[in-house]
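Residue-level structure breakdown
Spelled out from the first residue to the last, the chains are:
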Amino acid sequence: MKLFPSLQLHMPQIDLQEIMEHLRHTEARRTYPLWQEDDCLCFIARGREYRSEFHLNPSHEMQYSLKGDLHLHYRTPEGVEKVAVVPEGHCLYQPPMVPHSPRFPPDAFQLVVERKRRPGEVDRFHWFCPSCDNLLHEETFIVSDYGTDPVSRAYDNFWGSLEFRTCKKCGTIMPDC
């Protein structure tokens, strides 16, 4: 007797070391989606030495430091920037819509688990002036497939525009990375 006759089990077994090695030798990609189900998105991220923006997403998020330490910069509700250090082998839970900037070197890797975006949900990327902390620019994306690497797309748009990198309050230009 089958308890769940219509249930199709799909339980992928994933070699995390193999994926980290693949990402280490692929300059064009910094993320590798492991799965994207309605209620669970999971991917491996390779460090971006140039990361400076703060990402706001509508999902809870768990980050596990597979290799290397994560320095998670985040902004409090009052707008104060703080840093949570997540050593290799540790994980961090983050609530939705917390402006965060995961910073770790290109030889470090994070396993990230969050909810796949629901239709119409928007991911936001904020850059702040390095001199006066004024909001420089916001990029927004509706992310239906995390394989499209929205972080890289946001960066291409931001770094490609001198206007976006120039503070409207104090005139400082964020240096190119």
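All residue numbers refer to position in the chain's written sequence, counted from 1. Only residues with pLDDT of 70 or above have their local features reported here, since the model is predicted, and side-chain atom pairs are shown and tallied only from 80 upward, although totals for entire chains, interfaces and linings are computed over all residues. With hydrogens and water stripped out, all remaining heavy atoms of the structure feed into the side-chain values.

What to know about the sheet that holds strand β7 (residues 91-94)
With antiparallel pairing, five strands are arranged side by side in an open sheet as β1-β2-β9-β4-β7. Of all the strands in the sheet, the pair left with one neighbour each is β1 (31-37) and β7. Across the sheet, the axes of successive neighbouring strands diverge by a mean angle of 15°, strand direction being ignored. Strand pairing is assigned whenever DSSP identifies at least 2 bridges connecting the two strands. Starting at the N terminus, helices and strands are each numbered in turn, a helix being any DSSP run of H or I of at least four residues and a strand any DSSP run of E of at least two. As paired strands, strand β2 (residues 40-46) and strand β9 (residues 109-114) are joined by six bridges and run antiparallel to one another. Note on β9: the bridge partner recorded for R46 is F109. Here an angle of 0 to 180 degrees is reported between the N-to-C directions of two axes, which are lines fitted to C-alpha atoms, with helices fitted over the stretch in contact.

Here we look at unusual backbone geometry
Phi angles above zero are rare outside glycine, and M97 is one such case at about 65°. Position of M97 relative to the elements: it lies in the loop between β7 and β8 (100-103). Three exposure classes are used, based on accessible area relative to the maximum for each residue type with a 1.4 Å probe and protein chains only: buried under 20%, partly exposed in between, and exposed over 50%. On the basis of relative accessible area, M97 is assigned to the partly exposed category, the value being 37%. With a phi close to 70°, D133 is a non-glycine residue in the positive phi region. Considering the arrangement of structural elements, one finds D133 in the loop between β10 (123-128) and β11 (135-141).

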